[in-house]
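Architecture and fold: a report
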Amino acid sequence: MNLPYLQQLAAQSGGILYLMLALLTLTLTVSVERAWALRSITRHGDRLIAALTTLRDHDHLHLTQLRDQAAPLHQTLLATTLALEPEQVLADRLDEVIFLHVPLLDRRLWVLDTTVTLAPLLGLLGTIIGMFHAFQVLAAPGAAPHAVTGGVAEALVATAAGLLIAVIGLVVFNGLNERVRLAVHQLETLKMMLVNRFAKSPQPPFSKGGEA
């Protein structure tokens with residue numbers, strides 16, 4: 001299958017195969033970018049949760065150190081915690097930060113969602129255009145039957161390409177949605193850990209003999 005033959009297939013599909021090549025490139029680009037970004041966020045989140053597990057209540061010094069080492073998304077949560085006094089409503093402020101950042105986690109995933117639906121339809125359209133070209137051979141005097149069947153087979157390449165792109169897009173889309181769900185769960189876990197450790201006022205020390 002050489003380049004001239006591929007160009008012939010693209011021409012018979014009315015240029016649809018060129019469009020689908022661009023769609024495949026866009027799908028792979030978005031998939032790699034989102035997979036890398038979400039993997040980085042969840043890995044940083046796992047490390048931060050492990051660090052907060054051993055953090056003492058109201059240990060602002062170590063929380064500041066964690067903030068400086070955290071990913072930008074998690075830095076915002078930690079900075080919000082450090083900026084608030086214990087009596088302030090920390091949970092609501094952290095919820096506000098999470099609500100602002102959650103849409104950034106699944107941005108551009110709509111491209112994959114659209115690809116799953118659009119690619120098979122474009123493939124079908126390319127096949128229909130290719131069938132028109134194939135059946136036009138019958139109008140030529142002395143047309144051989146194998147010329148028609150060969151044209152139909154070539155027209156089906158567009159449908160196969162559309163289904164292949166849709167399958168790739170669907171698998172990646174579902175996988176990235178799971179990554180987004182895990183990232184949101186991490187943010188909620190971090191919020192609860194920060195609220196439990198920094199929103200409550202520190203208990204006054206007890207005096208000797210058990211008296212407050």
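So, here's what we can say about the structure.

**Some thoughts on the overall build of the protein**
Within the protein, the secondary structure is distributed over seven helices and zero strands. N-terminal to C-terminal, the α/β element order of the protein is α-α-α-α-α-α-α. Residues classed as buried in the protein amount to 35% of the 212 residues present. When contacts within the protein are restricted to residue pairs at least 6 apart in sequence, those whose partners lie at least 24 apart make up 78%. Total accessible area computed for the protein in this model is approximately 12500 Å², and 66% of it derives from carbon and sulfur atoms.

**Considering the pattern of salt bridges**
Per the counting criterion, the structure on display carries seven salt bridges. The salt bridge involving R34 is made with E33; its shortest N-O contact spans 2.8 Å. R34 gets classed as buried once you look at its relative accessible area, which sits at 3%. Connected through shared salt-bridge partners, E33, R34 and R108 make up one network.

**Concerning the side chain of S31**
Assignment of secondary structure puts S31 in helix 2 (residues 16–53). Among the residues examined, S31 registers a relative accessible area of 9% and is labelled buried.

**Quick look at helix 6 (residues 109–136)**
Given a rise of 1.5 Å per residue, 28 residues ought to cover 40 Å, and the 41 Å separating the end C-alpha atoms of helix 6 matches this to within 8%. Where helix 6 bends most, at T115, the angle is about 35 degrees.

**Observations regarding the side chain of H74**
Residue position: H74 is located in helix 4 (residues 72–83). Residues within four places of H74 in sequence aside, it is in contact with I41, H44, G45, L48, L187 and L190.

**Looking at the environment of H60**
Tracing the backbone shows H60 in helix 3 (residues 60–69). Judged by relative accessible area, which is 33%, H60 ranks as partly exposed. As a C-alpha pair, H60 and F198 span 138 residues in sequence and 8.6 Å in three-dimensional space. The contacts of H60, once residues within four sequence positions are left out, are L82 and F198.

Reading the values: rules and limits
Residues numbered from 1 in each chain as written. Predicted model: local features only at pLDDT ≥ 70, side-chain atom pairs only at ≥ 80, totals over all residues. Heavy atoms only, no water. Helix = DSSP H or I, 4+ residues; strand = E, 2+ residues; numbered from the N terminus. Buried < 20%, exposed > 50% of the residue type's maximum accessible area, 1.4 Å probe, protein only. Contact = heavy atoms within 4.5 Å. Areas by Shrake-Rupley, 256 points an atom, 1.4 Å probe, with all protein chains shown as cover. Salt bridge = Lys/Arg side-chain N within 4 Å of Asp/Glu carboxyl O. Expected span 1.5 Å × (residues − 1). Bend = angle between axes of the 7 residues up to and from the residue.

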